[in-house]
Amino acid sequence: QVQLVESGGGLVQAGGSLRLSCAASGGTFSRYAMGWFRQGPGKEREFVAAISWRGGITYYADSVKDRFTISRDNALNTVYLQMNSLKPEDTAVYYCAAARATVATMKRTEYDYWGQGTQVTVSS
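Bear in mind that the values here come from a model prediction, so they are computed numbers and not experimental data.

Next up on the list: the sheet that holds strand β8 (residues 78-83). Strand order in the open sheet made by the four strands is β1-β3-β8-β7, with antiparallel pairing throughout. Two strands close off the open sheet at either side, each with one partner strand: β1 (3-7) and β7 (68-73). Averaged over all adjacent pairs, the angle separating strand axes in this sheet is 15 degrees, with direction ignored.

Within the fold, R72 resides in strand β7. Buried charge without a partner: R72 forms no salt bridge, and the closest opposite charge is D73, 8.3 Å away. For R72, the side chain forms a polar contact with the main-chain oxygen of S52, separated by 2.9 Å. Among the polar contacts listed, one links the side chain of R72 to the backbone oxygen of W53, at a separation of 3.4 Å. For R72, the residues in contact, after removing those within four places along its chain, are F29, S30, Y32, A33, M34, I51, S52, W53, R54, G55, T78 and V79.

Cut-off values and rules
Residues numbered from 1 in each chain as written. Predicted model: local features only at pLDDT ≥ 70, side-chain atom pairs only at ≥ 80, totals over all residues. Heavy atoms only, no water. Pairing = 2+ DSSP bridges. Helix = DSSP H or I, 4+ residues; strand = E, 2+ residues; numbered from the N terminus. Axes fitted to C-alpha atoms, helices over the stretch in contact; angles between N-to-C directions. Buried < 20%, exposed > 50% of the residue type's maximum accessible area, 1.4 Å probe, protein only. Lys, Arg positive; Asp, Glu negative; His and termini not counted. Salt bridge = Lys/Arg side-chain N within 4 Å of Asp/Glu carboxyl O. Polar contact = N/O pair within 3.5 Å; in protein donor to acceptor, adjacent residues only side chain to side chain. Contact = heavy atoms within 4.5 Å.

Given below as structure tokens:
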């Protein structure tokens, strides 16, 4: 069983930056593909970014491409989401997820473990 704990959320002005972290425990972190999803008010949970087990392959939603960067440190069992040029529409609860697969995936249903989420609020 893998436990995931997100941190780094908060309130930021439009144009600002935040770095989310997700610490994993209880499993062999390097064997999992990792992803970030978000759920805004009144919206469904949507894909944001994903990274393969070694970090060599990444995927991004079109809405965050060129602004967000996903990375991982397998020695620290941590995955990150660097978010730059934030917009009010990025406001959401951000969730970290782990998939029992080595390849990165954008499909929510392919993730096996989820964190509790961290709130990101971007003011205009």
